[in-house]
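# Per-entry structural report
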Amino acid sequence: MPKYCLILLVAAAMLALAAGPQKFENRPAVLIGNNRLEVLVLPEGTMIASVVLKDDRAQLSPLWNPARLAREAKDKNTFGDVTGHFLCVDGFGSVSKEEQAAGLPGHGEAHGKEFALDSSYVKGEGIYSFTADLPIAQEHVTRTMRLREGEQVLQVDTEIESMLGFDRPIFWAEHATIGAPFLEPDVTVVDMPAVRAKTRPYDPAKAMGLPHRLPSDQEFKWPLAPGADGKFINLRAAPKSPNSGDHTTCLLDPKRKTVFVTMLNPKRRLLLGYVFRPSEYPWVQSWEFYPKNGMLARGLEFSTMPFDLPRREVIEQNSLFGTLLYRWLPAKSKVGSRFLMFYTRTPANMFNIDDVRLEKGAIVIEDAAAKATVRLTTAATL
């Protein structure tokens, strides 16, 4: 091999592996990058903290950064260490007093664990394998992220292995969250192939925090939800004058091989999206945090369950809309999942995402009314 070719190969490998320490909000981070995309991942919990387009002068990440938002608002960060897209395993929601006494945190152990990293570069692909033990749940988690040269698609594979000798239900959510300034009131819109939807049950007499726009425990047809005042509200976008906090769930179309949830800012012509199997993540939870100061956040949490609740409540409810609310993890065995995350520019006339699908080596994104299409080349499959 000529010497200059070897130098080019080494340079490409260094680019993909992003050698050297990185920081995100003064926390250790790993840069997963290529010639199109840069993704910052925290070893703590494998949180996907930031994603930016390499050629974007503004370097705008759509992902939620509560530390930055609090700093800009000259306020206190009340969300702790969570940021961006974080993993909730095993458990999603608050814990019982017995679980709390045993040391189990809300949203499971994974998001607070320091993961070990093993990385490699093979045939134009950066491969990053994060591993951690969850001692309370007695599980071993492996999270593998892959980014190929020339692609704008991050492939994430997760495997959970049980150390116990009996079958048990597990609770799992990918807490993907967008934030300001990408999340703009009455601008940024969410789309997904939902077939049924429901507002989260709550007691109006005990409601705390931001005011509710939506009533408790009401089924509706996405995206038009009944407002507390009786008028319908389109949930695709945050309200023009924010001052509310609500939580809804959507059951995605189980007849599709793959489903999606997208977040489009048509003014900035930027789109963040996820593609996954409905058999692994049947639900998308929409957590809305819309304070008056404009420091908005919105979770699009694809998960095994419709709401983040204590495991006893989930087991007792068992199902919703004929769909089981958890996955089974067999004794001394493994279960896994895969999702694809993409970030791209969009045409000026793209305002809705009607479909996202994998087709002949590409993710195809369509706005049917505008006849606008984006094709993202990828070798990833589902």
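Below: a short report on this structure. None of the values given here were measured: they were computed from a predicted structure.

Scoring rules and cut-offs
- Residues numbered from 1 in each chain as written.
- Predicted model: local features only at pLDDT ≥ 70, side-chain atom pairs only at ≥ 80, totals over all residues.
- Heavy atoms only, no water.
- Helix = DSSP H or I, 4+ residues; strand = E, 2+ residues; numbered from the N terminus.
- Rg over C-alpha atoms; globule rule 2.2 N^0.38 Å.
- Buried < 20%, exposed > 50% of the residue type's maximum accessible area, 1.4 Å probe, protein only.
- Contact = heavy atoms within 4.5 Å.
- Areas by Shrake-Rupley, 256 points an atom, 1.4 Å probe, with all protein chains shown as cover.
- Pairing = 2+ DSSP bridges.
- Axes fitted to C-alpha atoms, helices over the stretch in contact; angles between N-to-C directions.
- Phe/Tyr/Trp six-rings, centres within 6.5 Å; stacked < 30°, edge-to-face > 60°.
- Disulfide = S-S within 2.5 Å.

### Structural notes on the overall build of the protein
- Within the protein, the secondary structure is distributed over 4 helices and 29 strands.
- The C-alpha atoms of the protein give 20 Å as radius of gyration, which agrees with the globular expectation for 382 residues (21 Å, within 12%).
- Sorting the 382 residues of the protein into buried and exposed places 56% on the buried side.
- Put simply, 60% of the contacts in the protein that link residues at least 6 apart link residues at least 24 apart.
- Surface exposure of the protein reaches about 16,800 Å², of which carbon and sulfur atoms provide 54%.

### Focus: the sheet that holds strand β1 (residues 22-24)
- Spatial strand order, β1-β2-β3-β4: 4 strands in an open sheet with antiparallel pairing. At either end of the open sheet lies a strand with only one pairing partner, and these are β1 and β4 (47-53). Each neighbouring strand pair of the sheet contributes to a mean axis angle of 40°, computed without reference to strand direction.
- Relative to strand β2 (residues 27-33), β1 runs antiparallel, the two sharing 3 bridges. In the strand pairing of β2, Gln-22 is matched with Ala-29.

### Observations regarding the packing of aromatic side chains
- Tallied over the full model, the rule gives 15 aromatic pairs.
- With a centroid separation of 5.9 Å and 75° between ring planes, the pair formed by Phe-79 and Trp-287 is classed as edge-to-face. Here Trp-287 lies in strand β21 (residues 283-290) and Phe-79 lies in the loop between α2 (66-72) and β5 (86-88), a separation of 208 residues in the sequence.
- By the ring-pair criterion, three or more aromatic residues cluster together here, those being Trp-172, Tyr-274, Phe-276, Tyr-281, Phe-302 and Phe-339.

### Description of the state of the cysteines
- Following the criterion strictly, the structure yields 0 disulfides and no others.
- No disulfide involves Cys-88; its sulfur sits 18 Å from that of Cys-250, the nearest cysteine.
- For Cys-88, a relative accessible area of 0% gives the class buried.
- Assessed through its relative accessible area of 1%, Cys-250 is described here as buried.

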